[in-house]
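# Secondary and tertiary structure notes
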Amino acid sequence: GGGHIINISSFGGQRVLPEYVLVGASKAALEAITRYMAVELAPLGIVANAVSAGVVQTDALQHFPQWREEFSQRMADITARTPAGRIVTAEDVAGVVAWLCTPDAAMIRGQVLGVDGGFTLTF
């Protein structure tokens, strides 16, 4: 009876980031799969999209070697470079995911929506 698929990607699927090759390649593939699913599952009433999150303030950042040192300074630098004036939260991403599952977003299909506070505009 239909439904929604929202894949979670990152800007590393579109840009080259240090020490991110495996994750970045998988995110790029996920974005391509999202487009195919949007077309192939549409006859079943299934809407497929992806959300590409920017730097999200979570503990996961500390799993990347380049983040372990000077974590506070890195977060401050990213905040300063983000036009929204703050780092993305998990709630920001969840809000967009929830909205994509509403009738208001019914005509958005196979798209990758960036949720990054404008960070990638200045990257």
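Residues numbered from 1 in each chain as written. Predicted model: local features only at pLDDT ≥ 70, side-chain atom pairs only at ≥ 80, totals over all residues. Heavy atoms only, no water.

## Quick word on the overall build of the chain
What the chain contains, in helices and strands, is four helices and three strands. Moving toward the C terminus, one meets the helices and strands of the chain in the order β-α-β-α-α-α-β. Projecting the C-alpha coordinates of the chain onto the three principal axes gives extents of approximately 50 × 30 × 25 Å. Classification of the 123 residues of the chain by burial places 35% in the buried group. Within the chain, contacts between residues at least 6 apart in sequence are counted, and of these 69% link residues at least 24 apart. Entry remark: accessible area of the chain is about 7300 Å², with carbon and sulfur atoms responsible for 60%. Placing the 8 positive and 11 negative side-chain charges of the chain at their respective mean positions leaves the two points 5 Å apart. (Helix = DSSP H or I, 4+ residues; strand = E, 2+ residues; numbered from the N terminus. Buried < 20%, exposed > 50% of the residue type's maximum accessible area, 1.4 Å probe, protein only. Contact = heavy atoms within 4.5 Å. Areas by Shrake-Rupley, 256 points an atom, 1.4 Å probe, with all protein chains shown as cover. Lys, Arg positive; Asp, Glu negative; His and termini not counted. Charge placed at Lys NZ, Arg CZ, Asp CG, Glu CD.)

## Points about the environment of A29
Here A29 is to be found in helix α1 (residues 21-40). Using a relative accessible area of 37% as the deciding quantity, one classes A29 as partly exposed. The spatial distance from the C-alpha of A29 to the C-alpha of I6 is 14 Å, given a sequence separation of 23 residues.

## Quick word on the confidence of the model for the chain
With 96% of its residues at a pLDDT of at least 70, the chain reaches an overall mean of 92. By mean pLDDT, helix α2 (residues 65-68) is the weakest element of the chain at 67, and strand β3 (residues 112-115) is the strongest at 98. (pLDDT = per-residue confidence, 0-100.)

## Some remarks on the sheet that holds β3
Spatial strand order, β1-β2-β3: three strands in an open sheet with parallel pairing. The open sheet is flanked by β1 (3-10) and β3, the only strands paired with a single partner. Pairs of neighbouring strands in the sheet enclose a mean axial angle of 25°, with direction left out of account. Of the pairings in the sheet, the one linking strand β2 (residues 46-53) to β3 comprises four bridges and is parallel in character. Of the residues in β3, the one forming a bridge with S52 is G114. (Pairing = 2+ DSSP bridges. Axes fitted to C-alpha atoms, helices over the stretch in contact; angles between N-to-C directions.)

## Observations regarding the side chain of S10
Relative to the helices and strands, S10 resides in strand β1. Engagement of the side chain of S10 in a polar contact is seen with the side chain of Y20, the distance being 2.7 Å. Setting aside residues up to four positions removed in sequence, S10 forms contacts with Y20, K27, E31, S52 and A53. (Polar contact = N/O pair within 3.5 Å; in protein donor to acceptor, adjacent residues only side chain to side chain.)

## Quick notes on unusual backbone geometry
Most peptide bonds take the trans configuration, and most residues that are not glycine carry a negative phi. Although it is not a glycine, E19 adopts a positive phi angle of roughly 55°. Take E19: its relative accessible area is 55%, and that puts it in the exposed class.

## Regarding the pattern of salt bridges
Inspection of every chain in the model, using the stated rule, returns one salt bridge. Of the charged contacts in the structure, one is a salt bridge between R86 and D92, with a shortest N-O distance of 2.8 Å. Here R86 falls in the partly exposed class, since its relative accessible area comes to 43%. In this structure D92 comes out as partly exposed when scored by relative accessible area, which is 24%. (Salt bridge = Lys/Arg side-chain N within 4 Å of Asp/Glu carboxyl O.)

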